[in-house]
Amino acid sequence: MTTNFTPLIMALESAPILNNELCRVFHGRGHSVEALSHLNLDFYPPSLFLVSYDEIDEKTLHQLTETLWQWAQAHHPELITSLVYQQRAGVQSQNTVMFGTLPNKHTVTENGIRFLVDLQSRQNTGIFPDMRSGREFVMANSKHGKVLNLFSYTCGFSLAAMQGGADHVMNMDMSKGVLKVGKQNHQLNGFDKGVSYLPHDILKSFGKLKKAAPFDLIIVDPPSFQKGSFILTKDYQKVLRRLPELLNQTTKLLLCANSPELSEDAFKALIDEHTQGAITFVERLAPTDRFIEIDSDKSLKALVYKMSHSPD
């Protein structure tokens, strides 16, 4: 049976490829096209990055990648010079360059910020496209601020804060490897001052954070699951309980969860229970453009909070 890949081509035709910026092209995981709900397609200039969360047989994969590549060569051969496929089914992901070649030092741009990415050797590329709206919020709320970026990964939020005029950003992540990439990202953008990198287990390091407090903006964006270190449904509350110690009267917080099992209401209830009224819900950030979701409870949740009883 031949799979109909027309929705992918239609998504390519409407995607902002000419902007030459990182973007989602087709968000199958949002279940807007059920037959293709296992597929995502992103543009990491100059590469298309196709991800499948189910196994695809060789014939179908050949047909799909050939269809995408032919479209790319017919419409934007100067902008799209490679196509990478990532198989995400099972425990281990596997990345394959199907067409073309990737840059030796691959960087992509978003809102004037450059990010190092790796489409070949890792499951995660170095930046999460769905969090663009979160980075834009941080950029707009960092001017002259002291920012805390917990579970910082490669420091995307820190880059956004520095671009937005933050005085200082403290990044904390237990992985020295991702913080090293984060530091390289800052150097790439000329952000050499006003940034610190702490390779610590957040759950064991609140003493350091309390000494550095208070912060004007706090971002908490943990992994849903990280073997041996963090399980969102068990460990998030441990972070939430300590957050009130880090606030001033005007602190804003961006609290994120990317777990389909945790609904928005359940996430809000978790926050309310474990911060004991210290913070108040303001808004849920709108999804990043082209992340069309049928069920918003299963999608990324990025919630903005502020200190309770603080002036607007």
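Residues numbered from 1 in each chain as written. Predicted model: local features only at pLDDT ≥ 70, side-chain atom pairs only at ≥ 80, totals over all residues. Heavy atoms only, no water.

Enquirer: Requested: an account of the sheet that holds strand β2 (residues 39–44), with residues and values cited.
Expert: The strand order across the open sheet formed by five strands is β1-β2-β3-β4-β5, and the pairing between neighbours is mixed. Edge positions in the open sheet fall to β1 (23–27) and β5 (94–100), since each of these has one partner strand only. Ignoring which end each strand starts from, the neighbouring axes of this sheet average 20 degrees apart. Of the pairings in the sheet, the one linking β2 to strand β3 (residues 47–52) comprises six bridges and is antiparallel in character. If you follow Tyr 44 over to β3, its bridge partner there is Ser 47. Where helix α1 (residues 6–14) meets the sheet, its contacts fall on β1, β2 and β3, and the angle it forms with β1 comes to roughly 155 degrees. (Pairing = 2+ DSSP bridges. Helix = DSSP H or I, 4+ residues; strand = E, 2+ residues; numbered from the N terminus. Axes fitted to C-alpha atoms, helices over the stretch in contact; angles between N-to-C directions. Contact = heavy atoms within 4.5 Å.)

Enquirer: Hey, could you go over helix α3 (residues 132–140) for me, with residue numbers and the actual values?
Expert: Those residues of α3 that sit buried are Arg 132, Ser 133, Gly 134, Arg 135, Phe 137 and Val 138. Where α3 is buried, its residues meet β6 (107–110), β7 (113–116), α4 (156–163), β11 (215–220), β14 (247–257) and β16 (301–307). (Buried < 20%, exposed > 50% of the residue type's maximum accessible area, 1.4 Å probe, protein only.)

Enquirer: So what's going on with the packing of aromatic side chains? Residues and values would help.
Expert: All told, the structure shown has five aromatic pairs when counted by the stated rule. On the numbers, 5.2 Å between centres and 35 degrees between planes, the contact of Phe 128 with Tyr 153 is tilted. Here Phe 128 is found in the loop between β7 and α3, whereas its partner Tyr 153 is found in the loop between β8 (146–150) and α4, with 25 residues between them in sequence. Residue class for Phe 128 comes out partly exposed when judged on its relative accessible area of 35%. (Phe/Tyr/Trp six-rings, centres within 6.5 Å; stacked < 30°, edge-to-face > 60°.)

Enquirer: Go over the sheet that holds β8, please, and point to the residues and values.
Expert: One open sheet holds the seven strands; their spatial order is β10-β9-β8-β11-β14-β16-β15, and the pairing between them is mixed. Single-partner strands in this sheet number two, and they are β10 (195–198) and β15 (279–284). Strand-to-strand twist across the sheet, computed as the mean angle between neighbouring axes with direction ignored, equals 20 degrees. Summarising the sheet, β15 and β16 pair through five bridges and their orientation is antiparallel. Of the residues in β16, the one forming a bridge with Arg 284 is Leu 303. Set on the sheet, helix α8 (residues 264–275) makes contact with β14, β15 and β16; between it and β16 the angle comes to about 30 degrees.

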